[in-house]
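Architecture and fold: a report
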Amino acid sequence: TNRCLHEIVYEMLEAIAREGPKNVTSLYRIANIPVDRGKIIVNLLVKSGILASYEYERNRYYIVTENGYDYLGTYKHLKEIFDPLKK
């Protein structure tokens, strides 16, 4: 099925929140998206303050910011509201 941007973002944020910081390759794999699309999405998330990045041993890692946790909470809430409509 086709996923919207919000579903892809949710998968990335949920994985980081659950498992800890991720590098960019891991994020693409988690979201099951190609690198070119992944770069656009990750850059958008950093620019919008949903993800933050840091460098460790010459690798860049991403963490969820407070805004990112707000996004996760809002997305989960909306999903609960609208999921019954799929039945």
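Scroll up to find the structure.
The notes below deal with the structure included here.

What counts, and where the lines are drawn
- Residues numbered from 1 in each chain as written.
- Predicted model: local features only at pLDDT ≥ 70, side-chain atom pairs only at ≥ 80, totals over all residues.
- Heavy atoms only, no water.
- Helix = DSSP H or I, 4+ residues; strand = E, 2+ residues; numbered from the N terminus.
- Buried < 20%, exposed > 50% of the residue type's maximum accessible area, 1.4 Å probe, protein only.
- Polar contact = N/O pair within 3.5 Å; in protein donor to acceptor, adjacent residues only side chain to side chain.
- Salt bridge = Lys/Arg side-chain N within 4 Å of Asp/Glu carboxyl O.
- Axes fitted to C-alpha atoms, helices over the stretch in contact; angles between N-to-C directions.
- Parallel < 35°, antiparallel > 145°, perpendicular 65-115°, else oblique.
- Contact = heavy atoms within 4.5 Å.
- Nonpolar A, V, L, I, M, F, W, Y, C, P; charged D, E, K, R; others polar.
- Pairing = 2+ DSSP bridges.

Some details on the environment of Y56
Relative to the helices and strands, Y56 is located in strand 2 (residues 51-56). Residue classification places Y56 among the partly exposed residues on the basis of a relative accessible area of 48%. Y56 sits eleven residues away from N67 along the chain, and the two C-alpha atoms are 23 Å apart. In this structure the side chain of Y56 is engaged in a polar contact, spanning 3.3 Å, whose partner is the side chain of E57.

With respect to the pattern of salt bridges
Under the criterion given, the structure shown has six salt bridges. Between K76 and E14 there is a salt bridge whose closest N-O contact spans 3.5 Å. In this pair, K76 is assigned in helix 4 (residues 66-82) and E14 in helix 1 (residues 5-19), connecting sequence segments 62 residues apart. Between K22 and E19 there is a salt bridge; the shortest N-O distance is 2.6 Å.

Remarks on the packing of helix 2 (residues 24-31) against helix 3 (residues 35-47)
Two elements in contact, helix 2 and helix 3, have axes separated by 10 Å at closest approach and are oriented at 110°. The orientation of helix 2 with respect to helix 3, classified from their angle, is roughly perpendicular. Contacts between helix 2 and helix 3 involve V24, L27 and Y28 from the first element and V35, G38, K39 and V42 from the second. Classifying every residue of the contact of helix 2 with helix 3 gives five nonpolar, one polar and one charged.

Overview of the sheet that holds strand 2
Read from one edge of the open sheet, three strands run 1-3-2, paired in antiparallel fashion. Looking along the sheet, the strands with just one partner apiece sit at the ends: strand 1 (22-23) and strand 2. Strands strand 1, strand 2 and strand 3 (59-64) of the sheet are contacted by helix 1, whose axis makes an angle of about 95° with strand 3.

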